[in-house]
Amino acid sequence: MAYRPSHKFKKTLLGGGAVVLLMSLNAPAAISFAEDKYHAYKIAQPGYKARYGSWEVLNVPEEYRTNAIHAALLRTGKVLLIAGSGNSQQKFDAGTFDTVLWDPADNSYRKIPTPEDFFCSGHSQLADGRLLVAGGTARYEVLDGEVDRAGGGMRVKNESPDRARTFKKGTRFRSPSGVEYVSKFDVTVPRAKRDFKITYAKGGRMLPWKTKVTAGEARVFVEAVDKGPRALTTEAAQYRIVGLKGRDAGNFYGLAQKLTTEKQDFQGIKAAYEFDPVAERYIRVDPMKEARWYPTLVTLQDGRVLAVSGLDDVGAVLTGDNEIYDPKSKKWSKGPTRYFPTYPALFLTKGGKIFYSGSNAGYGPATAGRQPGLWDLRRNIFTKVDGLSRLDQTETSASLVLPPAQDQKVMVLGGGGVGESSKATSRTAIVDLKEDSPAFRAGPDLPQGTRYLSSVIMPDDTVFTSGGSSDYRGRGASDILKAQFYDPETNTFTRAADPTVGRNYHSEALLLPDGRVATFGSDPLFDDADNTKLGTFEQRVEIYTPPSLEGERAKRRPVLAAGPAELDQNGRATFRTEHPERIAKARLMRPSAVTHSTDVEQRSIELGMTKRGGSLTVDVPSDPTLVPPGWYMLFVTDTAGVSSEARWIQVRGE
């Protein structure tokens, strides 16, 4: 009798055939799934972690997820994540501004009331541990083809020497032809200056005084009340302020060169605040003289802060009107005049000059302000530094003072073309500022052309680099899920574990006090390779643990026990520690304040060491151009390359 399969067997056979058929139809997906599973298995193995390190994505509670545009490590060990409106027109219009304070020690979070839109502001660490935050967004951009009302900057004049006057948002200005424009912000116009000049006739007889009046002036963005071409003008004209009568009507008026429907860029604000890390709140200080959006703030050797560049209150790149903040008076004063593109990477160097690496972000013509150089603030002299290849691709590059800071070497990594260019370079370059005529020399290439690269100085003097993309804002699914270490001693890159979260525009990375690296943010233009789905801001936080802190090595990391929170009068501090003879390096590391691939705060200073039984004394250099006043993390690293957790210590200014 012929064999006939059972009903159960036939079902199994049919089911198996279906699986084979489905697998053949979905082979690429099946292979990808298998590869992902294998990769997840591989990177979880102790041997892999011991060689490359590991990544962990934090479980951030939904109510604390935010569009991290800025990240700053505070002297309490907590991280301030500033979003402001977070590149969201909807949140800007609603006045919904975010700041989240994250404590890595226990992974806790707190919402901080945010008084202004600090989206794309500047920030700098102050000597007392507060964080200065200045600038931000007054108005979002309106692209070409979307501007339906003529607008532009208007200079409001005051010819009265008797008083200043504030004109509220909504004030109307009328052209000679009767077209009306409305102001979009409050504007305060200072009073006119009256100068008296005494002249003498022959023989010494004093002639009647001559009086010269110079009108006070302030600027405000205005927009036509009505749509249509009648409001367009490219000729200079004087505008009456609607509602003023008598003498005021003659003393106060507007002047505008052109009012058009061309693209209107983001506009900056003048507001400045200090964030108090103990009270955990923003404290208002005097506003800047200029509105700034995309500015760089850099700490000087005396603890004051230089604010440079940015888009002003009508959306134009500032032409060189820089200013200096004094933390003692809480006021701003005029700084040396010099033009830079927005978010220029500026570093305080030994001797007090400022080095501009050429790295920048966002706005400014391709033909101006791209040349690296040393800036003598006192004499306002800029000396070019040549040798940097692909000078047309310094936008969105990373740069940093290589460790230790005493070597005075600055490195530039990657970058791309100006604006929405698809260019990206793998170039790195290093300049030694101790040379009589410093010039950039080529460093080892990155694995591929990279924009928005994050670069973090580690306690063992290596530089951890990660993320970025090979196209503008990750366009075309071009995020780079790679990481590597750069070793300044060998001038080479070595591989690190691959991150799982892509990071491009509006992303940050910084060193935590426990020796790990935290990464935040990313603002892709699109969410798919075909560029058809608008991008979603990346709100996940991912943390990298270096190989030296994995497994058994982490259990033997050195420990700095009892010790002071500030230096003695000789610039020294002593800490209890077991086996001081095993300690190879001591580094004082300034906490980061990073945004847009720009972190001008981080630096690592080599310290002298005296080892005695059960204690270690560190000796901090007294040069404030090398060690600006402020709070620092003190790390020690043993002969096996394992670092301690940080001890916070304050370096006071004079």
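To be clear, the structure that these remarks concern was listed above.
Heads up: these notes are all about the structure in this document. What you see is a predicted model, and the numbers here were worked out from it, not measured in a lab. (Residues numbered from 1 in each chain as written. Predicted model: local features only at pLDDT ≥ 70, side-chain atom pairs only at ≥ 80, totals over all residues. Heavy atoms only, no water.)

**Details of the pairing of strand S6 (residues 122–125)**
- A two-sided burial pattern is seen for S6, the buried positions comprising Gly122 and Ser124 on one face and His123 and Gln125 on the other.
- One ladder, built from four bridges, connects S6 with strand S7 (residues 131–134); its direction is antiparallel. Counterpart to His123 in the pairing with S7 is Val133.
- Connecting S6 to the next strand, S7, in antiparallel fashion are five residues, including Gly129 with a positive phi near 95 degrees. (Buried < 20%, exposed > 50% of the residue type's maximum accessible area, 1.4 Å probe, protein only. Helix = DSSP H or I, 4+ residues; strand = E, 2+ residues; numbered from the N terminus. Pairing = 2+ DSSP bridges.)

**Some words on the sheet that holds strand S23 (residues 305–308)**
- Overall, antiparallel pairing links the four strands, which are arranged S22-S23-S24-S25 in an open sheet. Unpaired on one side and paired on the other, strand S22 (296–299) and strand S25 (331–334) mark the two borders of the sheet. Within the sheet, the average angular offset between the axes of one strand and its neighbour, ignoring direction, is 30 degrees.
- Two strands pair when backbone bridges link them, and S22 and S23 are joined in this way by four bridges, in the antiparallel orientation. When the sheet's bridge partners are listed, Val298 is paired in S23 with Leu306. (Axes fitted to C-alpha atoms, helices over the stretch in contact; angles between N-to-C directions.)

**Here's the deal with the pattern of salt bridges**
- Enumeration over the complete set of coordinates arrives at 44 salt bridges.
- Linking Asp128 and Arg130 is a salt bridge whose minimum nitrogen-to-oxygen distance equals 3.8 Å.
- Judged by relative accessible area, which is 39%, Asp128 ranks as partly exposed.
- A salt bridge links Glu223 to Arg139, with the nearest nitrogen and oxygen atoms 3.0 Å apart. Within this pair, whereas Glu223 is found in strand S16 (residues 216–224), its partner Arg139 is found in strand S8 (residues 137–139), the two being separated by 84 residues in sequence. An identical accessibility class is assigned to Glu223 and Arg139; each is buried.
- Several salt bridges share partner residues, and in doing so they unite Asp128, Arg130, Glu274, Asp276 and Lys330 into one network. (Salt bridge = Lys/Arg side-chain N within 4 Å of Asp/Glu carboxyl O.)

**Re the nonpolar core**
- The biggest cluster of nonpolar side chains holds 48 residues, and the ones touching the most others in it are Val79, Trp102, Phe464, Phe520 and Tyr544.
- Setting aside chain neighbours within four positions, we find Phe520 in contact with Ala68, Ala71, Val79, Leu81, Trp102, Arg503, His506, Ser507, Glu508, Leu510, Arg540 and Val541.
- Within the second largest apolar cluster, 46 residues are counted, among which are Val410, Val412, Phe440 and Ile583. (Core = buried A, V, L, I, M, F, W, Y, C linked by side-chain atoms within 4.5 Å. Contact = heavy atoms within 4.5 Å.)

**Quick look at the pairing of strand S18 (residues 252–256)**
- When you tally the buried positions in S18, you get five out of five residues, the bulk of the element.
- Of the two faces of S18, the one lined by Phe252, Gly254 and Ala256 and the one lined by Tyr253 and Leu255 are each fully buried.
- Alignment of strand S17 (residues 237–241) against S18, held across four bridges, turns out to be antiparallel. Across the sheet, the residue bridging to Arg240 is Tyr253, located in S18.

**Describing unusual backbone geometry**
- Geometrically, the link from Pro403 to Pro404 is a cis peptide bond, its omega value of -15 degrees lying close to zero.
- Relative to the assigned elements, Pro404 resides in the loop between strand S30 (398–401) and strand S31 (409–413).
- For Asn531, which is not a glycine, the phi torsion comes out positive at approximately 60 degrees.
- Its location among the elements puts Asn531 in the loop between strand S39 (517–521) and strand S40 (542–545).
- Given the relative accessible area of 27%, Asn531 is considered partly exposed.
- Positive phi values are uncommon outside glycine, yet Ser597 reaches one of about 60 degrees.
- Along the chain, Ser597 falls in the loop between strand S43 (593–594) and strand S44 (604–606).

Nothing here speaks to function; it is all geometry.
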